[in-house]
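# Fold and geometry: a report
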Amino acid sequence: MPPLRRTARTLPIALLRARERVMGPIREILNKSGISEQKFRVLRVVDESGPMEQTALAQEACLLLPSLTRMLRAMEQEGLLSRASDPDDGRKSIVTITDQGQQILQDHAGAAAALFSDFEARFGKQRMEDLLDMLEDLVNLDIQKKD
C-alpha cells in the first residue's frame, strides 16, 4: 500500500484552506448587512440566471435542497426573494429575486469587485484565469468509484 501524502499536500485540505482564505474577507463584507454567504450565493445565482426552479437553484448555489428550502422561507419573509408555483408543474416552485434582494447585491458589488481585483493583482490575472479553468475542469471530471 503506498504511503499517504502529507496532509498539507492533499487536494481536500488544499481546497479547504484556499476556500477559507477567499471566504474570510467575503464574510467580513457580508457581515455589514447581516447576510450569510449562503444567502448571498442564492441571490447571486437567481440574479444572474433569472427566475429558476428550486432544484436547479440548489445545484447552482452548491446547497442541499432541504437546506435551500428552509433558507428560501426566511429569504421570502425578509423580502429578498419571491416564490410562485411553476405553471407547467404545480409541484415545483420558481424563485425570483426581488428589488430588495437586488439592492443587497448592489450594496456589496463594489466591495466584492475590489476584493476580486486585489486577489487578481496579487495572484496574477492569468494565474487566476488558469486556476478558475482548472477548478472548472476538476468539477467536470467524471470521477467514478473504482472497485
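Every chain's residues receive numbers from 1 upward, in the order its sequence appears when written. Only residues with pLDDT of at least 70 get local features here, since the model is predicted, and only at 80 or more are side-chain atom pairs given and counted; chain-wide, interface and lining totals rely on the full set of residues. With hydrogens and water set aside, each side-chain value is computed from the structure's full complement of heavy atoms.

## Some points on the pattern of salt bridges
In plain terms, the rule: We count a salt bridge whenever a side-chain nitrogen from Lys or Arg sits within 4 Å of a carboxyl oxygen from Asp or Glu. Secondary structure elements are defined from DSSP: runs of H or I of at least 4 residues count as helices, runs of E of at least 2 residues count as strands, and each element is numbered from the N terminus. Under the scheme applied here, a residue whose accessible area is under 20% of the maximum for its type counts as buried, over 50% as exposed, and between as partly exposed, the area being computed with a 1.4 Å probe on protein chains only.
The final tally for this structure, using the stated rule, is seven salt bridges. As a salt-bridge pair, Glu 37 and Arg 19 come within 2.8 Å of each other at their nearest N and O atoms. Here Arg 19 lies in helix α1 (residues 11-31) and Glu 37 lies in helix α2 (residues 37-49), a separation of 18 residues in the sequence. A salt bridge links Arg 122 to Asp 118; its shortest N-O distance comes to 3.5 Å. Of this pair, Arg 122 and Asp 118 both sit in helix α5 (residues 99-123), separated by four residues, roughly a single helical turn. Residue Arg 122 is classed as exposed on the basis of its relative accessible area, which comes to 68%. A cluster of three or more residues bridged by salt bridges with shared partners is formed by Arg 19, Glu 20, Arg 27 and Glu 37.

## Describing the packing of α1 against α2
Packed helix pairs are characterised by how far apart their axes lie and by the angle those axes make with each other. The condition that has to hold: Note on definitions: angles span 0 to 180 degrees between N-to-C directions of axes, and those axes are lines fitted to C-alpha atoms, for helices only across the stretch in contact. For classification purposes, angles smaller than 35 degrees are called roughly parallel, those larger than 145 roughly antiparallel, those between 65 and 115 roughly perpendicular, and all remaining angles oblique. By definition, residues are in contact when any of their heavy atoms lie within 4.5 Å. Each residue gets one of three labels, nonpolar for Ala, Val, Leu, Ile, Met, Phe, Trp, Tyr, Cys and Pro, charged for Asp, Glu, Lys and Arg, and polar for the others, Gly among them.
One way to put it is that α1 packs onto α2 with a least axis distance of 10 Å and a crossing angle of 85 degrees. Taken together, α1 and α2 sit at an angle that is classed as roughly perpendicular. Across the interface between the two elements, Arg 19, Met 23, Arg 27 and Leu 30 from α1 touch Glu 37, Phe 40 and Arg 41 from α2. Split by residue class, the contact of α1 with α2 holds three nonpolar, no polar and four charged.

## Some remarks on a negative patch on the surface
Inclusion rule: A patch consists of residues whose relative accessible area exceeds 30% and which take part in no salt bridge; residues with like charges are grouped when within 9 Å of each other, and nonpolar side chains (Val, Leu, Ile, Met, Phe, Trp, Tyr) when within 5 Å. Only the protein chains shown count as cover for residues, with accessible areas throughout obtained via the Shrake-Rupley method and a probe of 1.4 Å. In this charge count, Lys and Arg are treated as positive and Asp and Glu as negative; neither His nor the chain ends contribute. A single reference atom marks each charge: NZ on Lys, CZ on Arg, CG on Asp, CD on Glu.
On the surface, Glu 129, Asp 130, Asp 133, Glu 136 and Asp 137 cluster together into a negatively charged patch. You can see Glu 136 is positioned in helix α6 (residues 125-140).

## A word on the packing of aromatic side chains
Heads up, the condition is: Ring geometry is summarised as follows: Phe, Tyr and Trp rings, the Trp one being its six-membered ring, pair when their centres sit within 6.5 Å, and such pairs are stacked at plane angles under 30 degrees, edge-to-face over 60 and tilted between the two. In our convention, an over-ring charge means Lys NZ or Arg CZ found within 6 Å of a ring centre and within 35 degrees of that ring's normal.
Applying the stated criterion across every chain, the model contains zero aromatic pairs. Note that Arg 127 overlies the ring of Phe 123, its terminal NZ or CZ placed 4.2 Å from the centroid.

## A look at unusual backbone geometry
Peptide bonds are mostly trans, and most non-glycine residues show a negative phi. You will see that Cys 62, though not glycine, has its phi angle at about 60 degrees, which is positive. By secondary structure assignment, the location of Cys 62 is in the loop between α3 (54-60) and α4 (65-77). Judged by relative accessible area, which is 63%, Cys 62 ranks as exposed.

## Here's the deal with the UniProt feature "domain: HTH marR-type" (unreviewed entry) in the protein
Rules: UniProt positions are given in the numbering used here, feature names are shortened, and annotations may be inferred rather than shown by experiment.
The sites that UniProt annotates as "domain: HTH marR-type" (unreviewed entry) are residues 1-140. Across residues 1-140, the secondary structure splits into 68% helix and 12% strand, with the terminal C-alpha atoms separated by 29 Å.

## Some details on α4
As a reminder, the rule being used: The length a helix should cover is 1.5 Å for every residue beyond the first. Each direction from the helix axis to a C-beta atom contributes to the arc, which is the arc of those directions.
With 13 residues, α4 ought to run about 18 Å at 1.5 Å a step, and its terminal C-alpha atoms sit 18 Å apart, in line with that. Here α4 has its buried residues at Leu 68, Met 71, Leu 72 and Met 75. One side of α4 carries all its buried residues, which in axial view fall inside an arc of 110 degrees. Along α4, the residues that are exposed and aim more than 90 degrees away from the buried face are Arg 70 and Gln 77. Residues of α4 that are buried sit in contact with α2, α3, β2 (81-86) and β3 (89-97). Looking at the residues trailing α4, positive phi occurs at Gly 79, about 80 degrees.

## Digging into a nonpolar patch on the surface
A contiguous nonpolar patch, built from Leu 11, Leu 15, Phe 116, Phe 123, Leu 131, Leu 132, Met 134, Leu 135, Leu 138, Leu 141 and Ile 143 and spanning about 950 Å² of accessible area, is present on the exposed surface. Counting only elements with at least two residues in the nonpolar patch, the list comes to α1, α5 and α6. No other element matches the five residues that α6 contributes to the nonpolar patch. Within the secondary structure, Leu 131 sits in helix α6.

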